[in-house]
Amino acid sequence: MFKYLRQDIRNLKSYVVNEDDYEIKLDANEGIDWIGGKNRYPNDTCSELRRRLAKKLDKNPNEFLFGNGSSELIELVMKAYLEYGEKVLAISPAFSMYRLYTIINKGLYKEYPLDNLMDLNVDGFINFIRQEKPKIIILCNPNNPTGTIINRQDILRIVKASDCMVILDEAYIEFSDLEIEDDTREYKNLIVLRTFSKAYGLAAIRLGYMIGDCETIEYINRVRSPYNINAMTQEIALRALEEDNLLEDNINMIKSQRERVRKGLEDLGLETFPSQANFIFFKGYKNLASDLAKKKILIRDYGGDLEGYFRLTIASPDENGKALKAIKEVLNEKGDN
Ligand SMILES: Cc1ncc(COP(=O)(O)O)c(C=O)c1O
């Protein structure tokens, strides 16, 4: 939305790459090919990916923007909209990069705490928005690290109550029961982010995408570096988009393993939170992560207010079994001391 755009971006023109057909290409100072046909810069606007995703999601190709992971896209929104000292609002706990990107982009990061069940008091959050008057709100749904969700009606209440840009980070949506809705046409201040790093299992290729109003996409594109998505990434993502059945099998496997791990942790007497993502947030004891690290099993440890809470990724059935076994062992060893 133009209304919220950074003043100095308002008249900026984006860098435009000439993607016309050619017989001889002498306009980009590329080297000549001697090692496997990768001498050309990649397609700058990911045109084929945009076309394919637009078809799949019944959208216009101009409603998409791609990033080097959805991480890059979070930062691009801040670059386009955040002026010095303006506020970014999020819930707490949330994805830790939100805070870092806000600070790097000279913003003020403000947090609204979830309740003890890791749910959001929506009325309280809306009051907080009115009080703080942010430039950007970031909501992660399902939320990382808690795995909990905010229902669609509540998300829309927040979007409608917000006089600013709202980023809805849907990195984990494929693992949830949430409908993959898209409200960015109706609510022009809403930006949805998705990623190939989670359900598609392609974190190595670094690819995320944004869905937004065409005008908003054009503004954010102004602050994107040219050629941010490399050619290999585009090729692999196009292949992945053809594998709907494999994707669905993978998601179903993760969901059933998530239930297995949740039950396994509960059977060991550990409190878990209901997760709709590919991880489980649970309460352990202070040194659980370091005890598991000695057995070469890494789980995510939290300090501060969340000391004693952990996040464990749902992996393959074999790995999940080994993780549960190791947790049982460290609990027993702790009991013996
Ligand atoms: C909530 C959330 N958003 C975004 C990201 C970044 O994902 P990407 O790999 O697409 O940069 C992550 C990664 O863990 C995440 O948890």
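What counts and what doesn't
Residues numbered from 1 in each chain as written. Predicted model: local features only at pLDDT ≥ 70, side-chain atom pairs only at ≥ 80, totals over all residues. Near = placed C-beta within 6 Å. Helix = DSSP H or I, 4+ residues; strand = E, 2+ residues; numbered from the N terminus. Domains from an automatic or database assignment. Contact = placed C-beta atoms within 7 Å. Nonpolar A, V, L, I, M, F, W, Y, C, P; charged D, E, K, R; others polar. Pairing = 2+ DSSP bridges. Axes fitted to C-alpha atoms, helices over the stretch in contact; angles between N-to-C directions. Core = buried A, V, L, I, M, F, W, Y, C linked by C-beta atoms within 7 Å. Buried ≥ 20, exposed ≤ 12 C-beta atoms within 10 Å, placed from the backbone.

Draft legend 1. Molecular detail of the site of the ligand. Around the ligand, the surrounding shell consists of Gly-69, Ser-70, Ser-71, Phe-95, Cys-140, Asn-144, Asp-169, Ala-171, Thr-195, Ser-197, Ala-203 and Gly-208. With three residues, helix H2 (residues 69–81) is the largest single contributor of residues to the shell around the ligand.

Draft legend 2. Representation of the domain arrangement of the chain. One can read the domain layout of the chain as domain 1 (7–242) and domain 2 (245–336). Taking the mean C-alpha position of each, domain 1 and domain 2 sit 29 Å from one another. Taken together, the 18 residues of domain 1 in the interface contact 17 residues of domain 2. Classifying every residue of the side of domain 1 that touches domain 2 gives nine nonpolar, six polar and three charged.

Draft legend 3. Up close: the sheet that holds strand E10 (residues 300–301). Strand order in the open sheet made by the four strands is E8-E9-E11-E10, with antiparallel pairing throughout. Either end of the sheet is taken by a strand with one partner, and the two such strands are strand E8 (271–272) and E10. Relative to strand E9 (residues 279–283), E8 is paired through two bridges, and the arrangement is antiparallel. The residue of E9 that forms the bridge with Thr-272 is Phe-282. Across the face of the sheet, helix H8 (residues 244–267) comes into contact with E8, E9 and strand E11 (309–313) while running at roughly 10° to E9.

Draft legend 4. Up close: the nonpolar core. In terms of nonpolar packing, the biggest core is built from 76 residues, with Val-77, Ile-136, Leu-139 and Ile-167 touching the most fellow members. The element best represented in this core is H2, accounting for seven residues.

Draft legend 5. Fine view of the sheet that holds strand E1 (residues 64–67). Taken in spatial order, the seven strands of this open sheet run E1-E7-E6-E5-E4-E2-E3, and their pairing is mixed. Since the sheet does not close on itself, it has two edges, and those belong to E1 and strand E3 (108–113), each with one partner. Ignoring strand direction, the axes of neighbouring strands in this sheet form an average angle of 25°. Here four bridges tie E1 to strand E7 (residues 208–211), and the two strands are oriented antiparallel to one another. Pairing of Leu-65 across the sheet is with Met-210, part of E7. The strands that H2 touches are E1, strand E4 (136–140), strand E5 (165–169), strand E6 (190–195) and E7; relative to E6, the one it contacts most, it runs at about 155°.

Draft legend 6. Region of interest: unusual backbone geometry. The amide bond that connects Asn-141 to the next residue, Pro-142, takes the cis arrangement and shows omega of -5°. Counting through the fold element by element, Pro-142 comes out in the loop between E4 and helix H5 (152–161). In this structure, Pro-145 follows Asn-144 across a cis peptide bond, with omega equal to 15°. Here Pro-145 lies in the loop between E4 and H5.

Draft legend 7. Structural view of the pairing of E11. The buried fraction of E11 amounts to four of the five residues, a majority that puts the element mostly inside the structure. Here five bridges tie E9 to E11, and the two strands are oriented antiparallel to one another. Across the sheet, Phe-281 pairs through a bridge with Arg-311, a residue of E11.

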